[in-house]
Structures are given as C-alpha cells and as structure tokens.
Amino acid sequence: MVGKGAGDDGAHLVKSAERTVRILETLAASPHRLTLSELQERTGYPRSSLHALVRTLRDLKWVEADETGSAIGIGPHALLSGTAYLDKDPALPYAYETLEDLRAEIGHTIHYARRDGAHVIYLASREPRDSVRLVSRVGRRLPAHLTALGQALLAQLTRDEVDHLLPAELVAYTEHTIVDRARLTDELETVRTRGWAFESEQGTQGVACVAVAVDYRIPATDAISCSMPAELAVGNEPERVAKSVLAHTQRLAATLRREGIR
C-alpha cells in the first residue's frame with residue numbers, strides 16, 4: 001500500500017486528489033505497466049473508485065493502456081508536466097553548464113539531483129561522449145541513503161532531522177547498501193568532515209559515485225555527482241574526482257547565490 005511521508009498525517013489532503021497523485025506515483029515507480037488488480041494491491045484503494053479515477057486519467061491522457069486495455073502505464077501528459085518543471089527551474093541552466101564542464105574535465109558520467117524527502121530525483125545527466133548507454137536517469141527517484149547524491153544532501157541535516165526523515169527500515173538495492181542506522185550515521189559524519197560523499201556499488205552493482213552538495217540553499221537541496229565503473233574508483237581516483245566536483249560545485253553555488261536564485 002502507498003504510504004505517507006514522514007511527519008505527514010494526511011489530514012489536510014483532499015481524498016480524490018491524493019488518490020489521483022498516488023496512482024500516478026505508483027505507475028511511475030513501476031518498471032512495467034500494471035493491471036488494475038496490481039494497482040489496487042499497491043494502493044489499497046477500493047476497486048470502484050480506482051476504476052473511475054483511472055478511466056478519468058486515461059481520458060485526459062495522464063495514463064494509457066496497452067493494446068488489450070488490461071495493463072496501465074504513465075501517459076504522455078505526465079511527461080508534459082515533468083518537462084515543464086525542468087524548463088522553469090531557474091538553477092538548471094547554470095547547472096547544465098557545470099555538468100558539461102565536469103564531463104569534459106573528468107570524462108565520467110555527471111548527474112544533478114534534488115532531494116525529495118527521503119529520496120533524490122535526478123534532474124539532469126551528462127554521459128561521456130563515447131558512452132553507449134541509451135537510458136537517461138532524468139526523472140528517476142531513488143532512496144537518498146543508498147546514493148552518494150543522497151548522502152551528500154542528508155549530511156546537510158542534523159542527526160535528528162535525518163532520523164525523522166528516513167523510514168524505519170532502510171531498503172537494500174545491493175549487498176553493499178548501508179541499511180544499518182548507526183553505520184549510516186557514521187558515514188554522514190564522514191561526509192560532513194570530508195566535504196563530499198562516496199559510495200561504491202550501494203545503489204548499482206559495478207558503479208561507484210562521488211557527490212558534493214550545491215550549497216546555494218540552506219540546507220542544500222541539490223547535489224552534483226560523478227559516477228564511474230567501480231573498478232576504476234580505487235587508489236586516489238575518488239579524491240581526484242572529488243577535487244574537481246568540489247571546485248565546479250562551489251563555483252556553481254556562488255553563481256546561483258549571485259544571481260539571487262533560491
């Protein structure tokens with residue numbers, strides 16, 4: 001069943017509006033289209049009201065069904081809203097320049113993300129020019145505790161704020177994911193002291209990542225990361241990458257503050 005975020009009792013939510021949003025979020029989070037039964041199982045909503053909401057969303061092209069009409073997925077109008085968010089964000093044009101500069105300097109994949117509660121949402125990515133990867137991470141939402149991006153941003157918060165924000169049980173994506181709260185607390189303290197986050201294969205097997213918060217807001221909501229094959233993240237390579245990401249991220253933050261972007 002779809003749950004509410006930490007500290008949100010849902011008392012102020014309009015039921016039909018909340019259900020509509022939860023349906024869209026559930027479909028967006030699924031790697032494949034869902035049948036009405038699967039959607040009902042994941043949301044816990046009554047079948048009659050769920051069917052009516054899905055039918056309305058389908059008529060408005062926010063969701064769409066396969067040729068048989070039995071499997072439902074996100075529709076094209078959902079993309080319009082997501083694209084509008086990116087187009088209207090005042091920080092992103094400056095961030096794009098920074099990502100391009102970092103890609104040229106480091107040669108690895110560069111990401112820009114924003115914290116969304118206990119998760120991070122990828123807003124921009126730049127792959128190496130010789131990359132054969134075809135799937136963009138833009139729009140992907142991942143738990144903050146298992147990404148360097150998320151850890152860099154969680155480190156901006158106090159220990160009490162982190163404890164309140166994160167779920168009671170931390171989900172593991174790989175065998176390397178930190179799911180022990182005490183260990184995560186120690187890791188975040190290291191990030192605060194060092195100034196950058198590093199994780200290896202915590203979110204994706206075979207991938208390591210360095211990340212730095214963009215501190216134009218207090219606490220920072222955005223971060224930049226550089227991901228690379230885990231076998232390359234050895235010796236002084238994480239420090240070399242972190243030095244470049246730190247320098248470019250600090251310049252970006254200074255520019256955003258100078259431009260009055262908050």
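Refer to the structure above for everything that follows.
Rules used throughout
Residues numbered from 1 in each chain as written. Predicted model: local features only at pLDDT ≥ 70, side-chain atom pairs only at ≥ 80, totals over all residues. Heavy atoms only, no water. Core = buried A, V, L, I, M, F, W, Y, C linked by side-chain atoms within 4.5 Å. Buried < 20%, exposed > 50% of the residue type's maximum accessible area, 1.4 Å probe, protein only. Helix = DSSP H or I, 4+ residues; strand = E, 2+ residues; numbered from the N terminus. Contact = heavy atoms within 4.5 Å. Axes fitted to C-alpha atoms, helices over the stretch in contact; angles between N-to-C directions. Parallel < 35°, antiparallel > 145°, perpendicular 65-115°, else oblique. Nonpolar A, V, L, I, M, F, W, Y, C, P; charged D, E, K, R; others polar. Pairing = 2+ DSSP bridges. Salt bridge = Lys/Arg side-chain N within 4 Å of Asp/Glu carboxyl O.

### Let's talk about the nonpolar core
Line of reasoning, step 1. Residues Tyr112, Val214, Tyr216, Ile224 and Val245 are the most contacted members of the largest nonpolar core, which totals 28 residues.
Line of reasoning, step 2. When residues in this core are grouped by element, the largest group, 6 residues, is from helix H9 (residues 237–258).
Line of reasoning, step 3. Residue contacts for Val245: discarding those within four places in its chain leaves Leu102, Ile106, Val212, Ile224 and Cys226.
Line of reasoning, step 4. Counting 27 residues, the second-largest nonpolar core is a separate cluster that includes Leu142, Ala148, Leu165 and Ala211.

### Some remarks on the packing of helix H1 (residues 15–29) against helix H3 (residues 47–59)
Line of reasoning, step 1. Across the interface, H1 lies against H3 with an axial gap of 11 Å and an inter-helix angle of 70°. Classified by the interaxial angle, the pair formed by H1 and H3 is roughly perpendicular. Between H1 and H3, the contacting residues are Ser16, Arg19, Thr20, Ile23 and Leu24 on the first element and Ser49, Leu50, Leu53, Val54 and Leu57 on the second.
Line of reasoning, step 2. Class assignment for the residues of the contact of H1 with H3 results in 6 nonpolar, 3 polar and 1 charged.

### Some remarks on the sheet that holds strand E4 (residues 109–116)
Line of reasoning, step 1. Taken in spatial order, the 6 strands line up as E6-E5-E4-E9-E8-E7 in an open sheet, and their pairing is antiparallel. If you trace the sheet from one side to the other, it starts and ends with strand E6 (141–143) and strand E7 (197–200), each paired once. Sheet twist, expressed as the mean angle between neighbouring strand axes with direction ignored, is 30°.
Line of reasoning, step 2. Both E4 and strand E5 (residues 119–126) contribute to a ladder of 7 bridges, which runs antiparallel. Bridge pairing in E5 links Ala113 to Tyr122.
Line of reasoning, step 3. Across the sheet, H9 lies against E4, E7, strand E8 (207–214) and strand E9 (222–229), angled at about 30° from E8, the strand it touches most.

### What about the pattern of salt bridges?
Line of reasoning, step 1. Applying the stated criterion across every chain, the model contains 13 salt bridges.
Line of reasoning, step 2. In this structure, Glu25 engages Arg22 in a salt bridge whose closest nitrogen and oxygen atoms are separated by 3.3 Å. Of the two residues, Glu25 and Arg22 both sit in helix H1, 3 residues apart, roughly one turn of that helix.
Line of reasoning, step 3. Given a relative accessible area of 41%, Glu25 falls into the partly exposed group.
Line of reasoning, step 4. Through salt bridges with shared partners, a single ionic network connects Asp89, Arg114, Arg217 and Asp222.

These figures come from the coordinates and say nothing about function on their own.
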